[in-house]
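# Examining the three-dimensional arrangement
These are the residues of each chain, in order.
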Amino acid sequence: MREELLQLLSTENPEIDFTASDELVDDGILDSLTIVSVISTLSMEYGIDIPYEEIMPENFNSIDAMVAMVQRLQA
């Protein structure tokens, strides 16, 4: 799922290197508008709702964190 998610996000946001950091939000690589785009992409692609309480930097700081969140919300 990691490679699939990376490909999806890279296609939707080609200007961002999602592998550049394990702290994408903390390093300022992902801003609030990009996070909204990522949430929309994940919701549509994986058929999940991302509740407000899941929208925290820890869940978007890395591809691995996003994969873990998607898997948790799919369960």
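As shown above, the structure is provided for reference.
Presented here is a report on the structure given in the accompanying data block. (Residues numbered from 1 in each chain as written. Predicted model: local features only at pLDDT ≥ 70, side-chain atom pairs only at ≥ 80, totals over all residues. Heavy atoms only, no water.)

For the protein, the helix and strand inventory stands at four helices and zero strands. Starting at the N terminus and ending at the C terminus, the protein contains elements arranged as α-α-α-α. Its C-alpha atoms give the protein a radius of gyration of 11 Å, within 12% of the compact-globule value 11 Å for 75 residues. Accessible area for the protein stands at about 4400 Å²; split by element, carbon and sulfur atoms hold 50% of it. (Helix = DSSP H or I, 4+ residues; strand = E, 2+ residues; numbered from the N terminus. Rg over C-alpha atoms; globule rule 2.2 N^0.38 Å. Areas by Shrake-Rupley, 256 points an atom, 1.4 Å probe, with all protein chains shown as cover.)

On the surface, D22, E23, D26, D27 and E58 cluster together into a patch of negative charge. Along the polypeptide, D27 turns up in the loop between α1 (2-12) and α2 (32-46). (Patch = residues over 30% accessible without salt bridge, like charges linked within 9 Å, V, L, I, M, F, W, Y side chains within 5 Å. Salt bridge = Lys/Arg side-chain N within 4 Å of Asp/Glu carboxyl O. Lys, Arg positive; Asp, Glu negative; His and termini not counted. Charge placed at Lys NZ, Arg CZ, Asp CG, Glu CD.)

In terms of nonpolar packing, the biggest core is built from 22 residues, with L5, F18, L30, L42, F60, I63 and M66 touching the most fellow members. If you list the elements that add at least two residues to this core, you get α1, α2 and α4 (63-74). When near neighbours in sequence (up to four residues on either side) are disregarded, L5 contacts L42, Y46, I63, M66 and V67. (Core = buried A, V, L, I, M, F, W, Y, C linked by side-chain atoms within 4.5 Å. Buried < 20%, exposed > 50% of the residue type's maximum accessible area, 1.4 Å probe, protein only. Contact = heavy atoms within 4.5 Å.)

The complete set of buried residues in α1 reads L5, L6, L8 and L9. Within α1, the buried residues cover an arc of 165° as seen down the axis, which keeps them to one side. Exposed residues on α1 whose side chains face more than 90 degrees from its buried face are E3, Q7 and T11. On the buried face of α1, the contacting elements are α2 and α4. (Arc of directions from axis to C-beta.)

For the pair α2 and α4, the least separation of the axes is 12 Å and the interaxial angle reads 45°. With respect to α4, the axis of α2 lies oblique. The crossing of α2 and α4 is right-handed. Across from V38, L42 and Y46 in α2, the residues of α4 making contact are M66, M69, V70 and Q74. Tallied by class, the residues present in the contact of α2 with α4 amount to six nonpolar, one polar and no charged. (Axes fitted to C-alpha atoms, helices over the stretch in contact; angles between N-to-C directions. Parallel < 35°, antiparallel > 145°, perpendicular 65-115°, else oblique. Left-handed = near helix turned anticlockwise from the far one by under 90°. Nonpolar A, V, L, I, M, F, W, Y, C, P; charged D, E, K, R; others polar.)

Across all of its chains, the model carries three salt bridges by this definition. When the shortest N-O distance is used, the salt bridge between R2 and D64 registers 2.7 Å. Taken together, the positions of R2 in helix α1 and D64 in helix α4 put the pair 62 residues apart, joining distant regions of the chain. Note that R72 is salt-bridged to E54, the shortest N-O span being 2.6 Å. One end of the pair, R72, is in helix α4; the other, E54, is in the loop between α2 and α3 (57-60), with 18 residues separating them in the sequence. Given the relative accessible area of 42%, R72 is considered partly exposed. Looking at E54, the relative accessible area reads 15%, which means it is buried. Overlapping salt bridges bring together R2, E3 and D64 as one network.

Bear in mind that shape data such as this cannot, by itself, settle questions of function.
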